[in-house]
Amino acid sequence: MALIQVNFMSGSLMRTVTVNVILPADKLPFPGMPVKEERPFKTLYLLHGVFGNYTDWVSNTCIQRWAEEKDLAVVMPSADNMFYVDQPGVNNYYGEFIGKELVEITRRMFPLSRRREDTFIAGLSMGGYGAIRNGLKYHDTFGCIAGLSSALITKGIDGRKDDTPFFLEGRAYAEGIFGNLGQVKGSDKDPEWLAKELKDRGSEIPKIFMACGIEDSLLAANRAYKSYLDEIGVKVTYEEGPGAHEWDFWNRYIKKVIDWLPLEEDSAGLSSGNVGI
């Protein structure tokens, strides 16, 4: 399994960005096994949460091993604390970066499939919101969406005030991310509106997987969004399990996400430690 760090100039963000890429291109067959036919890799764009960056998933989960087992490429970008949406005033087009530019440039750099049904997006917390929002907004690009402990904070966001000591919960922070809070509902930053808009237009909606820990403070918001999708007739695979807003939960459930994705059967091969010999 190759783990590659990539630096490139982003037009959406107008600065050099760093991305981690897991690429199962160096997977060696066991002696006597037939050589597998080369073909473009199915790809998961995997988003971090608040306070994180492009190293989070590799540092805190077994994503590298599980991706290798399934011949899955994984692309892990950074988005600061900006919720993967566009802030035109400061040229932070994070939504465009995730949903368009990053997909296009990594497809030019690596042997990745260009098919919608082979291209997936997932994330945790802030990244769960980013995956759902951008997966729906760029539904022609992504065939599957997975949100773990998703920070679905836009519902009722216009009622925020600045009377909290934690800046992430304040109105000023939300305005810096989403702009005029009174205009978020019914916009492309609103996951409910995005899903309803696609449903009403008869567009092909990506398959959706959601999960949240039963001790997580975001559980109510995840249940509410799942119920909303049910109401409008959008299919969603939804799970709850033991755990809070923590890496132990995300480590378990990213494995469930990979098992849920339409990937190939496990294929053995030589890897670090000669596991399986």
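Before any of the text, the structure's been laid out above.
Bear in mind the structure is a predicted one, so any value in this text is a computation, not a measurement.

Draft legend 1. Layout of helix α7 (residues 219–232). A rise of 1.5 Å per residue sets the reference length of α7, with its 14 residues, at 20 Å; its end C-alpha atoms lie 20 Å apart and thus fit the reference within 8%. Turning to α7, its buried residues are L219, N222, Y225, Y228, L229 and I232. Summarising the contacts, the buried residues of α7 are in contact with α4 (126–137), α6 (191–201), β9 (207–213) and β10 (237–241).

Draft legend 2. Seen up close, the nonpolar core. Residues F83, L136, F178 and L229 are the most contacted members of the largest nonpolar core, which totals 59 residues. Considering each element in turn, this core owes the most residues, 6 residues, to helix α3 (residues 94–109). The residues contacting F178, other than those within four sequence positions of it, are F83, V85, Y129, I153, T154, I157, V184 and K189. Formed by 27 residues, the second largest nonpolar core is a distinct cluster that contains I22, A122, C144 and A211.

Draft legend 3. The packing of α6 against α7, seen in detail. With their axes 11 Å apart at the nearest point, α6 and α7 run at an angle of 15 degrees to one another. In this view, α6 runs roughly parallel relative to α7, as classed from their interaxial angle. Here α6 runs over α7; the crossing is right-handed. Every residue of α7 that contacts α6 at P191, E192, A195, K196 and K199 is listed here: Y225, Y228, L229 and I232. Grouping the amino acids of the contact of α6 with α7 by side-chain chemistry returns 6 nonpolar, no polar and 3 charged.

Draft legend 4. A look at α6. Along α6, the residues that are buried comprise P191, E192, L194, A195 and L198. Buried residues in α6, looked at end-on, bunch into an arc of 170 degrees, giving them a common side. Packed against the buried residues of α6 are α4 and α7. The residue sitting at the N-terminus of α6 and contributing the capping side-chain oxygen is D190; that oxygen lies 3.0 Å from the backbone nitrogen of E192. Positive backbone phi, at 75 degrees, marks G202, one or two positions downstream of α6.

Draft legend 5. Local environment of unusual backbone geometry. With a phi angle near 50 degrees, D80 is a residue other than glycine that sits in the positive phi range. Note on placement: D80 falls in the loop between β4 (72–76) and β5 (86–87). Among the residues examined, D80 registers a relative accessible area of 41% and is labelled partly exposed.

Conventions and cut-offs
- Residues numbered from 1 in each chain as written.
- Predicted model: local features only at pLDDT ≥ 70, side-chain atom pairs only at ≥ 80, totals over all residues.
- Heavy atoms only, no water.
- Helix = DSSP H or I, 4+ residues; strand = E, 2+ residues; numbered from the N terminus.
- Expected span 1.5 Å × (residues − 1).
- Buried < 20%, exposed > 50% of the residue type's maximum accessible area, 1.4 Å probe, protein only.
- Contact = heavy atoms within 4.5 Å.
- Core = buried A, V, L, I, M, F, W, Y, C linked by side-chain atoms within 4.5 Å.
- Axes fitted to C-alpha atoms, helices over the stretch in contact; angles between N-to-C directions.
- Parallel < 35°, antiparallel > 145°, perpendicular 65-115°, else oblique.
- Left-handed = near helix turned anticlockwise from the far one by under 90°.
- Nonpolar A, V, L, I, M, F, W, Y, C, P; charged D, E, K, R; others polar.
- Arc of directions from axis to C-beta.
- Polar contact = N/O pair within 3.5 Å; in protein donor to acceptor, adjacent residues only side chain to side chain.

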